[in-house]
Amino acid sequence: MNKSSIVPETDERAALRGAVTALVSRYGHDYFVEKAHTHAEPTELWKELGAAGFLGVHLPEEYGGGGGALGDLLVVVEAASAAGCPLLMTVISPAICGTILARHGSHAMKQRWLTGIADGSLKMAFAITEPDAGSNSHEVTTTAHPDGEGWRLSGTKYWTSGIDEADAVLVVARSGSAPARGDRRPLSLFVVPTDSPGLTWQPIPAALTQPEQQFTVFFDDVPLGPEALIGDDGNGLRQVFSGLNPERITAAAISNGISLYSLEKATAYANERAVWKGVKIGAHQGVAHPLAECYIAVAQARLMAQRAADLFDAGEDAAEASNIAKFAAADSSLRTLDQAMQTHGGNGMSLEYGLADLWFLARMLKTAPVSREMVLNFVSQRSLGLPASY
């Protein structure tokens, strides 16, 4: 594809994109697929991304980060995905957990965890969803009960990504020590080392082809010291919200990266493949126009993701833009991947061409980290001022 000037990019971010692309391209999509099929950690790639400063590009310099902005991490995640390696853990460890720790963690907690997240030597998973509490965080039942100066954590989390490769997990739990508000105890956030006694997990069989596996996680009276609490007891919901916009923005970056990767594959194939009288199939409008529509949708989704990151970095309300960015990117990436496969004809189903193995990952991003229905609820109520439906 030709280079576009639609999405604005400074010289520094263009250089960042080029550096990430060069690094990840040395591994390539075949490396990603090899790790994905065995749910093996992409250890070598992760370590290189960390050592180069890419994973912590948005984190404070005081704790080993690059001192940049979320917009820089957006470039990193999109470029890695466009190079054939859409790593879900980039959304979880540096974007969600890293941002929450940077904003709300104590100095000691940042030294303990943030430096490792920034350089790639540590990973942190994120546990919020429960079997009976999906998008509704008000129904979380996992509870931290007071125990001396600390707590005992009990409950179950569901669809927790990559906890088997993480050094700690950031857990959203009911507080058993903060004053109740109405008929509910408020939420608190805890950093729980994955080698803690009483913490176990089991894999969830899923069709996803990605290195990160999904788990049901059990907290059976897990002991936590006072250092495990992030910020103030009972203020967890507000703290979680500071990680939700980075989550949506970087999830959009993965989707947009998949779109760019798919378009690159499709246009290369359409420029080479000749079926009728030696004419390249890209010359036929039946092939060209659907790809052009996908390109337009991807350009719009990328612009919205950039706008959301800019708002977040400026300290403004980025919720509307972040939700719309995630919605647009997920929809356009699945459509673009499908059209790229269609352009390849039967070859689109062949694993050799590196498209079909991305299908379930692209499809998953329509549902998680926030479903398109919950985004539509948000827009209906917050943007349009319509009555709440739930």
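Residues numbered from 1 in each chain as written. Predicted model: local features only at pLDDT ≥ 70, side-chain atom pairs only at ≥ 80, totals over all residues. Heavy atoms only, no water.

Trainee: How should I be thinking about the overall build of the chain in this particular structure?
Mentor: Helix and strand counts for the chain come out as 11 helices and nine strands. Judged by the C-alpha coordinates and their principal axes, the chain covers about 80 × 50 × 40 Å. Within the span of the chain, comprising 390 residues, buried residues form 53% of the whole. Within the chain, contacts between residues at least 6 apart in sequence are counted, and of these 72% link residues at least 24 apart. Only carbon and sulfur atoms are counted for the fraction: they give 51% of the accessible area of the chain, which is about 16900 Å². Between the mean site of the 30 positive side-chain charges and the mean site of the 43 negative ones, the chain shows a separation of 6 Å. (Helix = DSSP H or I, 4+ residues; strand = E, 2+ residues; numbered from the N terminus. Buried < 20%, exposed > 50% of the residue type's maximum accessible area, 1.4 Å probe, protein only. Contact = heavy atoms within 4.5 Å. Areas by Shrake-Rupley, 256 points an atom, 1.4 Å probe, with all protein chains shown as cover. Lys, Arg positive; Asp, Glu negative; His and termini not counted. Charge placed at Lys NZ, Arg CZ, Asp CG, Glu CD.)

Trainee: Sorry if this is basic, but what is going on with a nonpolar patch on the surface here?
Mentor: Residues M1, I6, Y295, I296 and L303 make up a contiguous nonpolar surface patch of roughly 420 Å² in combined accessible area. When you line up the elements, I6 lands in the segment before α1 (11-25). Judged by relative accessible area, which is 43%, I6 ranks as partly exposed. (Patch = residues over 30% accessible without salt bridge, like charges linked within 9 Å, V, L, I, M, F, W, Y side chains within 5 Å. Salt bridge = Lys/Arg side-chain N within 4 Å of Asp/Glu carboxyl O.)

Trainee: Is there a simple way to explain the packing of helix α7 (residues 236-272) against helix α9 (residues 319-343) in this structure?
Mentor: Packed helices, taken two at a time, are described by their axes: the angle between them and the distance between them. Viewed as axis vectors pointing N to C, α7 and α9 meet at an angle of 25°, and their least axial separation amounts to 8 Å. Comparing their axes, α9 and α7 come out roughly parallel. Between α7 and α9 the crossing geometry is left-handed. (Axes fitted to C-alpha atoms, helices over the stretch in contact; angles between N-to-C directions. Parallel < 35°, antiparallel > 145°, perpendicular 65-115°, else oblique. Left-handed = near helix turned anticlockwise from the far one by under 90°.)

Trainee: Can you walk me through the pairing of strand β7 (residues 214-224) in this structure?
Mentor: Note on strand geometry: in a regular strand, side chains alternate between the two faces of the sheet. Relative to β7, strand β3 (residues 150-161) runs antiparallel, the two being bridged by eight bridges. Within the sheet, the bridge partner assigned to S161 lies in β7 and is Q214. (Pairing = 2+ DSSP bridges.)

Trainee: I would appreciate a short explanation of α1 in the present structure.
Mentor: Residues spaced three or four apart along an α-helix face the same direction, because each turn holds 3.6 residues. For α1, which comprises 15 residues, the first-to-last C-alpha distance of 21 Å matches the rise-based estimate of 21 Å (1.5 Å per residue) to within 8%. For α1, the full list of buried residues reads R13, L16, R17, V20, L23 and V24. Viewed end-on, α1 has its buried residues packed into an arc of 135°, placing them on one side of the element. Contacts made by the buried residues of α1 are with α2 (28-38), α3 (43-51), α4 (70-82) and α8 (285-313). (Expected span 1.5 Å × (residues − 1). Arc of directions from axis to C-beta.)

Trainee: I tried to follow the packing of aromatic side chains on my own but got confused; where do I start?
Mentor: What characterises a pair of aromatic rings is the spacing of the ring centres plus the angle enclosed by the ring planes. Tallied over the entire structure, the rule returns four aromatic pairs. A ring pair is formed by W151 and F190, whose centres lie 5.1 Å apart and whose planes are at 65°; its orientation type is edge-to-face. Separated by 39 residues along the polypeptide, W151 in strand β3 and F190 in strand β5 (residues 187-193) bring together distant segments of the chain. Here W151 falls in the buried class, since its relative accessible area comes to 8%. Above the face of the W46 ring, K123 is positioned so that its terminal group lies 4.7 Å from the ring centre. (Phe/Tyr/Trp six-rings, centres within 6.5 Å; stacked < 30°, edge-to-face > 60°. Lys NZ or Arg CZ within 6 Å of the ring centre and 35° of its normal.)

Trainee: Mind showing me how you'd approach the side chain of Q214 here?
Mentor: Mapped onto the elements of the fold, Q214 is located in strand β7. On the basis of relative accessible area, Q214 is assigned to the buried category, the value being 6%. Separated by 2.7 Å, the side chains of Q214 and S161 make a polar contact. When residues no more than four places from it in sequence are discounted, the contact partners of Q214 are L88, W159, T160, S161, Q202, P203, I204 and L208. (Polar contact = N/O pair within 3.5 Å; in protein donor to acceptor, adjacent residues only side chain to side chain.)

Trainee: Where do I start with the side chain of T336 in this structure?
Mentor: Within the element layout of this structure, T336 appears in helix α9. Classification of T336 as buried rests on a relative accessible area of 0%. Excluding anything up to four places from it in sequence, T336 contacts S259, S262, L263, C294 and V298.

Trainee: Honestly, α4 in this entry has me stumped. Any pointers?
Mentor: Between the first and last C-alpha of α4 there are 18 Å, a value that for 13 residues agrees with the 18 Å anticipated at 1.5 Å per step. Judged by how many residues are buried, α4 sits mostly within the fold: 12 of 13 residues are covered. Those residues of α4 not exposed but buried are L70, G71, D72, L73, L74, V75, V76, V77, E78, A79, A80 and S81. On its buried side, α4 packs onto α1, α5 (89-104), α7 and α8. Remark: G84 follows α4 within two positions and exhibits a positive phi of approximately 100°.

Treat this as a map of the structure, not an account of what it does.
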